[in-house]
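# Observations on chain architecture
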Amino acid sequence: MRLGVCEIAAPIGEGGMGQVYRATDTKLKRQVAVKILPPSLAADHDRLARFQREAGMLASLNHPNIAAIYGLEESRGITALVMELVDGEDLSQRIARGAIPIDEALPIAKQIAEALEAAHEQGIIHRDLKPANIKLLRAFNISNGQFWHWLANRR
């Protein structure tokens, strides 16, 4: 399936605001994540407007521990958010393997706090912060791969 410049490859997750797919941005030749808004939400004018507003707010965030928003695509009645693809184990998977040693847990907690602080400084509040929404990357560089979709109220 193709959506704008994105060639959709495979599903990688699902949440309350839609399904996330691995895709290729054919114009920039890079792997991306594409979150497709369910038709029931896209058909609701108020929810769609809120989604678009929130996507714009989140696109203004620039932090190494928050997945980057690349764009908002609308094609053939489908609305989708295109964002940085964050590969890696999520924190819930790491927790399931057993206790996290303090020397591993502290850098993770610090990076989560720094990401939240950056968002809060922009008036964005994460309303679904949970281990499954936090990706762990090599050397414990985390990125909250679903940060954009659980959003946010302006202060």
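Everything in this summary refers to the structure shown in the same document.

Reading guide: rules and limits
- Residues numbered from 1 in each chain as written.
- Predicted model: local features only at pLDDT ≥ 70, side-chain atom pairs only at ≥ 80, totals over all residues.
- Heavy atoms only, no water.
- Helix = DSSP H or I, 4+ residues; strand = E, 2+ residues; numbered from the N terminus.
- Buried < 20%, exposed > 50% of the residue type's maximum accessible area, 1.4 Å probe, protein only.
- Contact = heavy atoms within 4.5 Å.
- Areas by Shrake-Rupley, 256 points an atom, 1.4 Å probe, with all protein chains shown as cover.
- Pairing = 2+ DSSP bridges.
- Salt bridge = Lys/Arg side-chain N within 4 Å of Asp/Glu carboxyl O.
- Phe/Tyr/Trp six-rings, centres within 6.5 Å; stacked < 30°, edge-to-face > 60°.
- Lys NZ or Arg CZ within 6 Å of the ring centre and 35° of its normal.
- Expected span 1.5 Å × (residues − 1).
- Arc of directions from axis to C-beta.
- Core = buried A, V, L, I, M, F, W, Y, C linked by side-chain atoms within 4.5 Å.

## As for the overall build of the chain
Along its length, the chain carries four helices and nine strands. What you see in the chain, going N to C, is helices and strands ordered as β-β-β-β-α-α-β-β-β-α-α-β-β. Looking at the chain residue by residue over its 155 residues, the buried ones come to 43%. Expressed as a percentage of contacts within the chain between residues at least 6 apart in sequence, the contacts between residues at least 24 apart total 55%. Split by element, the accessible area of the chain, about 8400 Å² in all, is 53% carbon and sulfur.

## Description of the pairing of strand 5 (residues 69-75)
Sheet topology places strand 5 next to strand 6 (residues 78-84); six bridges connect them, and they run antiparallel. Paired with I69 across the two strands is M83, which belongs to strand 6. Turn length for the strand 5-strand 6 hairpin, with the two strands adjacent in sequence and antiparallel, is two residues, and the turn residue R76 shows positive phi of about 50°.

## With respect to the pattern of salt bridges
Tallying each qualifying case throughout the model produces six salt bridges. A salt bridge links R30 to D25; the shortest N-O distance between them is 3.9 Å. Linking K110 and E114 is a salt bridge whose minimum nitrogen-to-oxygen distance equals 2.6 Å. Placement of both K110 and E114 in helix 4 (residues 102-121) is noted, with a separation of four residues, approximately one turn of the helix. We classify K110 as exposed; its relative accessible area is 52%.

## Re the sheet that holds strand 4 (residues 30-36)
Backbone hydrogen bonds are what pair the strands of a sheet, in a parallel or an antiparallel way. Strand order across the open sheet formed by six strands is 1-2-3-4-6-5, with antiparallel pairing between neighbours. At either end of the open sheet lies a strand with only one pairing partner, and these are strand 1 (2-3) and strand 5. Where strand 4 lies against strand 6, five bridges are found, and the strand directions are antiparallel. The partner of V32 across the bridge, within strand 6, is E84.

## Here's the deal with the packing of aromatic side chains
Applying the stated rule across the entire model yields zero aromatic pairs. Between the NZ or CZ atom of R30 and the centre of the ring of Y70, over which it lies, the distance is 3.7 Å.

## Here we look at helix 4
With 20 residues, helix 4 extends 28 Å from end C-alpha to end C-alpha; this agrees with the ideal 28 Å at 1.5 Å per step. Buried within helix 4 are the following residues: E104, I108, Q111, I112, A115, L116, A118 and A119. Within helix 4, the buried residues cover an arc of 160° as seen down the axis, which keeps them to one side. Counted as exposed and oriented over 90 degrees from the buried face of helix 4: I102, D103, L106, K110 and E121. Positioned one or two residues after helix 4, G123 has a phi angle of 80°, which is positive.

## Thoughts on unusual backbone geometry
The phi angle of most residues is negative, glycine excepted, and most peptide bonds adopt the trans form. Notably, K29 is not glycine yet its phi reads approximately 55°, a positive angle. Mapped onto the elements of the fold, K29 is located in the loop between strand 3 (18-25) and strand 4. For K29, a relative accessible area of 68% corresponds to the exposed category. The backbone of R76 shows a phi angle near 50°, a positive value even though the residue is not glycine. Inspection of the secondary structure puts R76 in the loop between strand 5 and strand 6. R76 gets classed as exposed once you look at its relative accessible area, which sits at 62%.

## Details of the nonpolar core
Across soluble globular proteins, you tend to see nonpolar side chains buried next to one another. Counting residues in hydrophobic clusters, the biggest one holds 23 residues, and the most contacted among them are L37, L61 and I124. Residue assignment for this core shows that the elements contributing at least two residues are helix 1 (39-42), helix 2 (45-59), strand 6 and helix 4.

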